[in-house]
Amino acid sequence: MSHAIISSTIGQRIARCVSIATGLFGVAWIAGLASAQDSGTTMYAADGTRPVDRHPLFTFDLRLGYDSNVNSTYSNKIGSGFFNVGGGVIYTAGSPRSTLTLGAGAGVSYYFDQGPNNENYTVNANINLTWTYKISQRMILNIATYNLYTSEPNFQLVGVNNTISGNYFYSANRLGLTYQWTPRFSTVVGYNPVFYLYQDQPYKEQQDRVEQYFALELRYLVIPTVSLVGEYRFGYVDYFYNNIGSANLNSTTNYALGGLDVSLSPRLKFVFRTGAEFRDFNNSNQPSTSSPFFEGRLNYLYMRDSSLTFIARYGLEEPFVTGYRYQEAFRLGLEINQRITRRITSYAAFYYVNSFYQGLQTPFSLFPPPPNFHENTYNLSLGVRYSFNRHFAFDIGYLYTTAQSQILVRSYDRNRVFAGVHFQF
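What you see is a predicted model; the values in this text were computed from it and never measured.

Chemist: Looking at this structure, how should I read the pairing of strand 14 (residues 324-339)?
Modeler: Put simply, side chains in a regular strand alternate between the two faces of the sheet. Bridge count between strand 13 (residues 306-317) and strand 14: eleven bridges; the pairing is antiparallel. Considered in strand 14, the bridge of Gly315 is made with Ala329. From the end of strand 13 to the start of strand 14, which pair antiparallel, there are six residues, and Gly323 there has a positive phi angle of about 105°.

Below is the structure:
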């Protein structure tokens, strides 16, 4: 499993449904890193022949909508209408030894009144690539990268702030090598660097960092549909700026995990890891801490062109509030793509994050924050698409976000509604 909780794309039709919700921000959503770990890329086979399958998909969206709280603020809320234009491309290719998935998207949203961060427009872009190459009968190489530039919170990702924090760049990457020692026993060695880079202050000095994860999985095939997994991870968090907000947050973490990878049918699959994590801070004055850890994902294709994805995660995460050492976060995510008729498809997603901030480092101030505090965030996305033909469709959608924090200035409510047209070729 990737550190990041990222949206899965199950076939092109589901990818198009997911873009209903995310297209509001000009991003034609492409396959996420979590699902990308099972696919890959090579333009040609090892013998130089052309790929077995090539399928490009181009999308273009125009949308008009309204945002009730463009800056996700507790007070002085600003509402604005907006116009959004965005496009994307998905390319897949495969050969007997290799597979490729390549996606890219970009868009611009123009706000009729004041937009996020006092700008009248926002720019969004992403580029994603996955590659699986069969080196030999026993060895498989897997490479995946997911890169996003935006100003909007993304509740599918671990480590991204739940409020508007200026433009930021997020990059999650994976390098994995699988070796099949026996018909039942295999190992997977992985390296996962994740970058968080903010454009505006004070977020840049407080949040810019790289999180690096090294993993070793021991996998045993119990029955053809179930694999027992033991896993060790080592994580290193390195903040780029040495200031009051982040000087004491550089840390190393050891994970001891076990779990299952289950494929009950081609339509129903789930994986989970559970165990504990043990964190040591590089600053010797900061005490060590530990926490239970869990992450799991279920994918279910319950009927043709309809799917359900469920995600859960619990563990330590980096803090978004200056002065705290960490947060214990519990995350739930549910996505449903439903084909209603031959022409009508619908999309619904719900994300919930419960954060418990601990380890206040700077309590001596005129109005000190609470030593420990809770925060709950809820995000709901709904969308419907009517397809006139295979190339042209009409979309409507609604998104609602609410954050409830014991630090009131981090609380907010936000409603967004949009309608538009979608083209694909």
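That covers the picture; the talk isn't over yet.
Chemist: Just checking my understanding: could you explain the pattern of salt bridges for this structure?
Modeler: Any two side chains of opposite charge can pair, so long as their charged atoms come close to each other. Going through the model one piece at a time under the given rule, you end up with 21 salt bridges. Across the pair Arg63 and Asp395 runs a salt bridge whose closest N-O atoms are separated by 2.5 Å. Placement of Arg63 in strand 1 (residues 53-67) and of Asp395 in strand 17 (residues 392-405) is noted, with a sequence separation of 332 residues between them. The exposure class assigned to Arg63 is buried, which follows from its relative accessible area of 1%.

Chemist: Explanation requested: the packing of aromatic side chains in the structure shown.
Modeler: The geometry of two aromatic rings is summed up by the distance between their centres and the angle between their planes. A complete count under the given rule lists 23 aromatic pairs for this structure. Here Tyr357 and Phe373 contribute two aromatic rings whose centre-to-centre distance is 4.5 Å and whose plane-to-plane angle is 5°, an arrangement assigned as stacked. Here Tyr357, found in strand 15 (residues 344-360), pairs with Phe373, found in strand 16 (residues 373-387); they are 16 residues apart in sequence, far enough to count as distant. Residue classification places Tyr357 among the buried positions, given a relative accessible area of 0%. A residue is classified by how much of its surface remains accessible, and Phe373, at 0% relative accessible area, is buried. The rings of Phe60, Tyr386, Phe388, Phe392 and Phe423 are connected pair by pair, giving a single aromatic cluster. Geometry around Tyr196 places Arg209 over its ring, the cationic atom sitting 3.9 Å from the centre.

Chemist: In this structure, what is going on with unusual backbone geometry? I would like to understand it.
Modeler: Backbone geometry follows two general trends: most residues other than glycine have a negative phi, and most peptide bonds adopt the trans configuration. Cis peptide bonds are those with omega within 30 degrees of zero, and the linkage from Gln201 to Pro202 qualifies with 5°. Counting through the fold element by element, Pro202 comes out in the loop between strand 7 (185-198) and helix 3 (203-207). Look at Asn76: it is not a glycine, yet its phi comes out positive at around 50°. When you line up the elements, Asn76 lands in the loop between strand 1 and strand 2 (80-94). A positive phi angle is found at Asp305, which is not glycine, with a value near 60°. Classification of Asp305 as partly exposed rests on a relative accessible area of 26%.

Chemist: Would you explain the pairing of strand 15 in this entry?
Modeler: Counted residue by residue, strand 15 has 13 buried out of 17 residues, so it is predominantly covered. Pairing between strand 14 and strand 15: 15 bridges, direction antiparallel. By the bridge assignment, Leu332 is partnered in strand 15 with Tyr352. Here strand 14 hands over to strand 15 after four residues, the two strands then running antiparallel side by side. Pairing analysis gives 14 bridges linking strand 15 to strand 16, with the strands arranged antiparallel. Bridge pairing links Ile344 to Tyr386 in strand 16.

Cut-offs used in this document
- Residues numbered from 1 in each chain as written.
- Predicted model: local features only at pLDDT ≥ 70, side-chain atom pairs only at ≥ 80, totals over all residues.
- Heavy atoms only, no water.
- Pairing = 2+ DSSP bridges.
- Helix = DSSP H or I, 4+ residues; strand = E, 2+ residues; numbered from the N terminus.
- Salt bridge = Lys/Arg side-chain N within 4 Å of Asp/Glu carboxyl O.
- Buried < 20%, exposed > 50% of the residue type's maximum accessible area, 1.4 Å probe, protein only.
- Phe/Tyr/Trp six-rings, centres within 6.5 Å; stacked < 30°, edge-to-face > 60°.
- Lys NZ or Arg CZ within 6 Å of the ring centre and 35° of its normal.

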